[in-house]
Structures are given as C-alpha cells and as structure tokens.
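Chain by chain, the residues:
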Amino acid sequence: MATLSAFSPPSWPDPNAAAFLSDPTDADSNADADADDHDPQSPPPNPNLDLHNNTNTFSPPPDLALPASRSPPSLFHLSFNQDQACFAVGTDHGFRIYNCDPFRELFRRDFDNGGGIGVVEMLFRCNILSIVGGGPDPQYPTNKVMIWDDHQGRCIGELSFRSVVRSVRLRRDRIVVVLEQKIFVYNFADLKLLHQIETIANPKGLCAVSQVAGSLVLVCPGLQKGQVRVEHYASKRTKFIMAHDSRLACFALTPDGHLLATASSKGTLIRIFNTLDGSLLQEVRRGADRAEIYSLAFSSTAQWLAVSSDKGTVHVFNLKVNSGSSGNEMRTSSDSNMVTSSSNSSLSFIRGVLPKYFNSEWSVAQFRLLEGSQYLVAFGHQKNTVVILGMDGSFYRCQFDPVNGGEMTQLEYHNFLKPEEAF
C-alpha cells in the first residue's frame, strides 16, 4: 500500500524542464491517493509548473538553518547521479551534493530537527531529488519517499508505504521505489502507479534502471535465490536469468539497458549478461577468496567494468562485448587485445588441464584502499579514470593504463566530510 501526497497544488514539476540545481524561491508548495493499491482515481498533482522563475539568492527556511558549530557528520548513504557527473551524500544532519570534475561541493541542506537522511537520489543534474529518512534520528519517516525540489528548498510531495523504503531509482519519466520484497514503478509526471513487482527478500534494495529515453529496462531480484528479473517495458517482455547459485549481492546495468553485470554473495566471479535473451557473454574473476561486492560500474562505452569490495581493492576489467549489439558479438577493435596478458592467467597455455580458476579472466588494473571499508565506484569523464567514494568521506580519482594495466595512479584525493573551508 502506498499513499501519495503532493503539497498545495500547483507545485508538481516537469522533470524534463527542471532547472539545474537551482536556488529555492518563496514559491508555495499538497493531494492524497492510495496504492497496493494506489488509487488511480485520485487527482494527480499539476505537472505543468514552471520552475525557472527562481531568484539568485538563497535564504534557508528555519528548518534548514545551519547550526553555528557541529561535529563531523555520520554518513548513511552515497550515490552517483545517472551520468556519474555528481554524487549525493546522506548524513545524520541532512544531505549534500558534490560535483565530480572538478571536485567541489555544490550545495548542502542541513536540518536542525532530526536530520538523518538514509537515501538521496539525484535526477541527473536538476533540482529534483528523492530523499528518505535514515539513522537513529531520521528527518522523515523511513517508509516515505520525499520528493525534494531544491528550486523551492522544500519537499513538494511524498509517497508513503507500509514498510521501510530500501532504495529509490529515478528516470526523467519514472520513479522506482524498492521495498524489502516489493517494487513500485510510478509515472513521474503525475505519480500514477504503473507496475508492482514481487521480489525475494531484498534488504539492500537492489534495483537498476536504464536511462535511455523511451526505452525503460528495469532489473531487480527475482523470486529465487540468485535469480535476476529483467523487465523490458517497451516490448512488454519479462526475462528471468539464473545468474548465480548464491544470493545476489550487487548488479549494474548499462545506460541503454543491453548489458547486465552481476555478483553473488561469494564475490569471486562477476558475470556479464545480454538482457534481451539472458545469454552469458563473459565471466571475470575478482579473486579466490569470498568478498562482499559493494559496487559495479560500466564505463560509458561498456569497454570496462569497475568493481569494489570489502577486500580494499578496486578492480577494472576489460570487457569484450558491445553494449549496442543484439547478440553476444565480441569487440573486434584492437582495444580488446591490449591487455590480454594482464586479463588472463599466465598459466592459460595449459587451459583445460588446470581448474577453471587458473583460466579465469583477471582484472587489468587495480587500486588499493583500506580493507573492510565500503566504497562506491564509477568511471570518470576524463579518459581511463575511475572515481571512488568511501563511506569514510574519501574521494579518489585514479587513472589506469589500458595497455599495460597494473596499479592505477592516484590523481586526486579529498575528504568531503571536512568543513567548507576544505573546498
């Protein structure tokens, strides 16, 4: 059951026209509906509000006033936006938005009362975000998704559920809300409920959506351990893939939705699938020991895959599949052969004699971090770079050699939890 509220109409934004991380105005901002069981008869919010008549100054409302002094915040959430150009941080005080290149804080919203934010999801670089309360003193109930418009400096709507919200995914045309065993898909323009999906227990809130306009692909856990469910909304097809024998730990989708990378709770192998037919295209090995995979990320061309785990090493793998291909076509350019010696075992000349472990495709490049800490990875906008975010507040930009592989070179480091003067 979900309940929709939009605060004093007309206040609902057009996500395709929302301003870029704009300052709030004094614009006033609610309606109510139901869904397990969303009520399709409920009047939708007005989607035609123009958000561009904003002022250039920001005077925070009382609940956003920044205290004079405060201890460093505790981190509850980290997430990149859809093109990895920015990242969002949820803390026990509020939330912050940072630019990746060049690295800088774009803005922060700190709350006086409560303040804990457990989920922050951006919509590309515009002023619309979704936030969920978190931590011991949440700013909002953990069973509600609050739609925040930073143009107005306030929440303009909410979606309420009967259980804790585990994650949220945004597209310009959809809002996807992930609960422990259920996923709701809403139309962004009027918050109409479009689809409900039952899943196996999903405490991590695993879910991925494509970002190419007009072609929505949604990936989530199926109803069996290790099973992935792929929804192709354009063709109205559902594909189930038995990706692993163990439970799913992490997965990632290319922006066009054609390729899917998955990892299980064992954390030794990462598998690449074609989402259209479910075929296994490639398998790469992170290591021999069990590991908790925290993050998987494709490069923009799907030539590279980055992986982070609790072992303290970020790995970059060379992929030999084309994201745009309809089948498991292999890349024929010289790039795929650049790092053959790095990505395959040196004992592969006796392939078929030794166990599969020795024939595995290994990572091309690595970067060493603090073991046991949690890190999120993405590919930078500079060529052959990786951006790494840590739950300890660390920001790394590293560069890898696509020809020789090996240890990455650290280009940049920041601690984004330090006070403003650090920026």
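This text goes with the structure placed above it.
Per chain, the residues get numbers from 1 upward, laid out in the order the sequence is written. Only residues with pLDDT of at least 70 get local features here, since the model is predicted, and only at 80 or more are side-chain atom pairs given and counted; chain-wide, interface and lining totals rely on the full set of residues. With hydrogens and water stripped out, all remaining heavy atoms of the structure feed into the side-chain values.

1. Looking at the overall build of the protein
Runs of E in the DSSP output that reach at least two residues are strands. Runs of H or I that reach at least four are helices, and both are numbered from the N terminus. Helix and strand content of the protein: 1 helix and 31 strands. Using a 1.4 Å probe on the protein chains alone, a residue whose accessible area is under 20% of its type maximum counts as buried, one over 50% counts as exposed, and one in between counts as partly exposed. A burial count over the protein gives 56% of its 423 residues as buried. Per-residue and other accessible areas were derived by the Shrake-Rupley procedure at a 1.4 Å probe size, with only the shown protein chains allowed to occlude residues. If you sum the accessible surface of the protein, you get close to 17,400 Å²; carbon and sulfur atoms cover 49% of it.

2. As for the pattern of salt bridges
Whenever Lys or Arg places a side-chain nitrogen within 4 Å of a carboxyl oxygen from Asp or Glu, that contact is recorded as a salt bridge. Going through the model one piece at a time under the given rule, you end up with 15 salt bridges. Aspartate 173 is the salt-bridge partner of arginine 171, the closest N and O atoms lying 2.8 Å from each other. Aspartate 173 sits in the partly exposed class, given a relative accessible area of 26%. One connected set of salt bridges, linked through shared partners, spans Asp101, Arg397 and Glu412.

3. Describing unusual backbone geometry
Along the chain, aspartate 101 connects to proline 102 via a cis peptide bond; the corresponding omega equals 0°. Residue placement: proline 102 occurs in the loop between strand E5 (94-99) and strand E6 (104-110). A positive phi angle is found at lysine 236, which is not glycine, with a value near 55°. Structurally, lysine 236 is set in the loop between strand E17 (227-232) and strand E18 (237-242).

4. Some remarks on the nonpolar core
Formed by 22 residues in total, the largest nonpolar core has its most connected members in Val145, Phe161, Ile175 and Val177. Looking at this core, the elements that each hand over two or more residues are strand E8 (128-133), strand E9 (144-149), strand E10 (154-161), strand E11 (167-170), strand E12 (174-178) and strand E13 (182-187). At 3 residues, E10 tops the list of elements feeding residues into this core. Buried Ala, Val, Leu, Ile, Met, Phe, Trp, Tyr and Cys residues form a nonpolar core when they are joined through side-chain atoms within 4.5 Å.

5. Re the sheet that holds strand E29 (residues 394-399)
Strand pairing is assigned whenever DSSP detects at least two bridges linking the two strands. Pairing in this open sheet of 4 strands is antiparallel, and the strands run E27-E28-E29-E31 from one edge to the other. Across the chains shown, the open sheet's two edge strands, defined by having one partner strand only, are strand E27 (375-379) and strand E31 (409-415). Across the sheet, the axes of successive neighbouring strands diverge by a mean angle of 20°, strand direction being ignored. Axis lines are fitted to C-alpha atoms, over the contacting stretch for helices. Their N-to-C directions set the angle, which ranges from 0 to 180 degrees.

6. Structural notes on the pairing of strand E7 (residues 117-122)
Counting buried residues along E7, 6 of its 6 residues qualify, which places the element largely inside the surrounding structure. Of the pairings in the sheet, the one linking E7 to E8 comprises 5 bridges and is antiparallel in character. If you follow methionine 122 over to E8, its bridge partner there is leucine 129. Hairpin connection from E7 to E8: 5 residues lie between these consecutive antiparallel strands, with phenylalanine 124 at a positive phi of about 50°.

7. Description of the sheet that holds E12
Hydrogen bonds between backbone groups are what pair the strands of a sheet, and the pairing can be parallel or antiparallel. Strands sit in the order E11-E12-E13-E14 across an open sheet of 4 strands; the sheet is antiparallel. Two strands lie at the open edges of the sheet, namely E11 and strand E14 (193-198), each paired on one side alone. Pairs of neighbouring strands in the sheet enclose a mean axial angle of 15°, with direction left out of account. Taken together, the 5 bridges between E13 and E14 define a ladder with antiparallel strand orientation. Bridge pairing in E14 places tyrosine 186 opposite leucine 193.

8. Overview of the side chain of glutamine 366
Mapping glutamine 366 onto the fold places it in strand E26 (residues 365-368). You can call glutamine 366 buried: its relative accessible area is 12%. Among the polar contacts made by the side chain of glutamine 366, one reaches the side chain of serine 363 at a distance of 3.0 Å. For glutamine 366, the residues in contact, after removing those within four places along its chain, are Thr313, Val314, His315, Gly406, Glu407 and Met408. As used in this structure description, the phrase polar contact means that two N or O atoms lie within 3.5 Å; if the pair is within protein, one of them must be able to donate a hydrogen and the other to accept it, and residues adjacent in sequence are counted only when both atoms belong to side chains. Should any heavy atoms of two residues lie within 4.5 Å, those residues are considered in contact.

9. A few points about the environment of asparagine 202
As for its placement among the helices and strands, asparagine 202 is situated in the loop between E14 and strand E15 (208-209). Residues asparagine 202 and alanine 249 lie 47 residues apart in sequence; the distance between their C-alpha atoms is 9.6 Å. Leaving out residues up to four positions away in the same chain, asparagine 202 has contacts with Arg166, Val178, Leu179, Glu180 and Pro221. Within the local environment of asparagine 202, its side chain forms a polar contact with the backbone nitrogen of leucine 206, the two atoms lying 2.9 Å apart.

10. A short note on the state of the cysteines
Between two cysteines, a covalent bond joining their sulfur atoms is known as a disulfide. Disulfides are defined as pairs of cysteine sulfur atoms found within 2.5 Å of each other. One pass over the full model with this rule turns up 0 disulfides. Cysteine cysteine 220 shares no disulfide, and the gap to the nearest cysteine sulfur, in cysteine 207, comes to 6.0 Å.

11. Description of the environment of proline 138
Tracing the chain through its elements places proline 138 in the loop between E8 and E9. The class for proline 138 is partly exposed, based on a relative accessible area of 33%. Residues proline 138 and aspartate 92, 46 residues apart in the sequence, show an inter-C-alpha distance of 7.6 Å. Proline 138 has contacts with Gly114, Gly115, Gly116 and Gly133, leaving out every residue within four places of it along the chain.

12. Considering a positive patch on the surface
The patch calculation keeps residues exceeding 30% relative accessible area without a salt bridge and links them within 9 Å when they carry like charges or within 5 Å when they are nonpolar (Val, Leu, Ile, Met, Phe, Trp, Tyr). Counting rule for charge: Lys and Arg are taken as positive, Asp and Glu as negative, and neither His nor the chain ends is counted. Taken as the charge centre is NZ of Lys, CZ of Arg, CG of Asp or CD of Glu, depending on the residue. On the surface, a cluster of positive charge is made up of Lys225, Arg247, Lys266 and Arg290. With respect to the helices and strands, lysine 266 occurs in the loop between strand E20 (259-264) and strand E21 (269-274). Residue lysine 266 is classed as partly exposed on the basis of its relative accessible area, which comes to 39%.

13. Brief notes about the packing of aromatic side chains
Between two aromatic rings, the relevant description is the distance of the centres plus the angle of the planes. Aromatic contacts are taken between Phe, Tyr and Trp rings whose centres are within 6.5 Å, Trp giving its six-membered ring; a plane angle under 30 degrees counts as stacked, one over 60 as edge-to-face, and the others as tilted. What the rule picks out here adds up to 20 aromatic pairs. Centroid distance phenylalanine 87 to tyrosine 98: 4.9 Å. Interplanar angle 10°. Geometry classified as stacked. Taken together, the residues phenylalanine 87 in strand E4 (residues 86-91) and tyrosine 98 in strand E5 connect sequence positions 11 residues apart. This pair shows no difference in class: phenylalanine 87 is buried, exactly as tyrosine 98 is. Arranged with centres 6.0 Å apart and planes meeting at 85°, the rings of phenylalanine 111 and tryptophan 148 form a pair that is edge-to-face. Of this pair, phenylalanine 111 sits in the loop between E6 and E7 while tryptophan 148 sits in strand E9, and the two are 37 residues apart along the sequence. An identical accessibility class is assigned to phenylalanine 111 and tryptophan 148; each is buried. One aromatic cluster is present, formed by Phe80, Phe87, Tyr98, Phe103, Phe395 and Phe416 through successive ring pairs.

Nothing here speaks to function; it is geometry throughout.
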